[in-house]
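The primary structure of each chain is shown beneath.
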Amino acid sequence: MEILYDNEPSGYGGQAVTFKVHEGEKLHVLHPAQVIAFRGPSGCRSDKLMNVKGMYRKKKLIRADFTGTCQFVAAMPPSITLKPIKLTAESDLLYDFRHLFFYTDGVRMETRLLSMKNMMITRDAVKMKFSGDGQIGILTQGQVLELPLYPDQPLYVEAGCVIAYPENAKLELSVYGNHLASQHMKYQWKITGHGSVLIQSGGGSRELERDLDNNDGIVKRFLREAIPFGGVFIK
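Residues numbered from 1 in each chain as written. Predicted model: local features only at pLDDT ≥ 70, side-chain atom pairs only at ≥ 80, totals over all residues. Heavy atoms only, no water.

### Points about the confidence of the model for the chain
Across the chain, the average pLDDT comes to 81, with 74% of residues at 70 or higher. For the chain, helix α6 (residues 230-233) is the element with the lowest average pLDDT, namely 52, and strand β5 (residues 35-39) is the one with the highest, namely 96. (pLDDT = per-residue confidence, 0-100. Helix = DSSP H or I, 4+ residues; strand = E, 2+ residues; numbered from the N terminus.)

Here's what the structure looks like:
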């Protein structure tokens with residue numbers, strides 16, 4: 001399978017992405033409504049109902065299966081990035097199933113039950129581990145970054161920005177910095193281990209956008225920053 005695009009090699013966001021499915025290949029698309037153009041024999045596309053687990057996790061009823069030889073174009077909204085990931089024998093990342101856009105034949109999915117602590121933080125009971133020979137496509141908000149992990153040097157990542165992490169990584173809910181810093185930041189994942197973690201840039205705070213559009217005076221800004229929960233009470 002080939003994925004064609006004009007730019008943005010780290011991910012395809014805000015543009016049309018062309019998929020070329022070769023002879024003997026099969027591609028499963030979990031958001032078929034995003035397909036806006038198709039070329040090939042009509043029988044190369046076959047839509048079917050997902051199983052019960054897929055319906056629950058994706059909040060979708062239908063998936064589209066494309067078999068080669070054909071090609072189609074999928075539209076990515078401006079705020080959404082599609083990140084293709086080639087699986088290897090060493091792949092051990094855990095993903096949220098709702099981020100999955102496509103997967104190829106040969107990909108195996110295994111359910112991993114989270115600890116009670118992680119369930120409360122992520123508001124999800126399970127993560128998915130993908131393995132086998134093939135590709136998956138992950139939907140994210142904004143640019144996707146891959147950051148290395150170390151067993152003795154924690155990485156702090158805003159909880160809402162984590163897309164995937166290694167199965168054997170250690171995660172703790174935390175904040176960092178001095179009292180003022182920890183008081184104003186969102187909760188962070190404190191992550192240690194081996195391998196790498198995938199994060200999305202679009203999951204962060206909208207504070208910068210508000211600041212650029214905001215004409216408040218210096219006194220109001222100071223009170224909003226200095227008083228605990230000032231951003232909530234001082235509009």
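### Describing the environment of Val-144
Here Val-144 shows up in strand β15 (residues 144-148). As for Val-144 and Ser-201, which are separated by 57 residues in sequence, their C-alpha atoms are 6.5 Å apart. In contact with Val-144, not counting residues within four places along its chain, are Thr-81, Lys-83 and Ile-199. (Contact = heavy atoms within 4.5 Å.)

### Details of unusual backbone geometry
Omega for the bond connecting Gly-68 with Thr-69 falls within 30 degrees of zero, at 10°, which places this linkage in the cis form. If you trace the backbone, Thr-69 turns up in the loop between β7 (62-67) and β8 (70-75).

### Here we look at the sheet that holds strand β18 (residues 170-174)
Read across the open sheet, the 3 strands follow the order β16-β19-β18; overall the sheet is antiparallel. Two strands lie at the open edges of the sheet, namely β16 (155-158) and β18, each paired on one side alone. Ignoring strand direction, the axes of neighbouring strands in this sheet form an average angle of 30°. When β18 meets strand β19 (residues 188-192), the two strands line up antiparallel, connected through 5 bridges. Note that in β19 the partner of Lys-170 across the bridge is Thr-192. (Pairing = 2+ DSSP bridges. Axes fitted to C-alpha atoms, helices over the stretch in contact; angles between N-to-C directions.)

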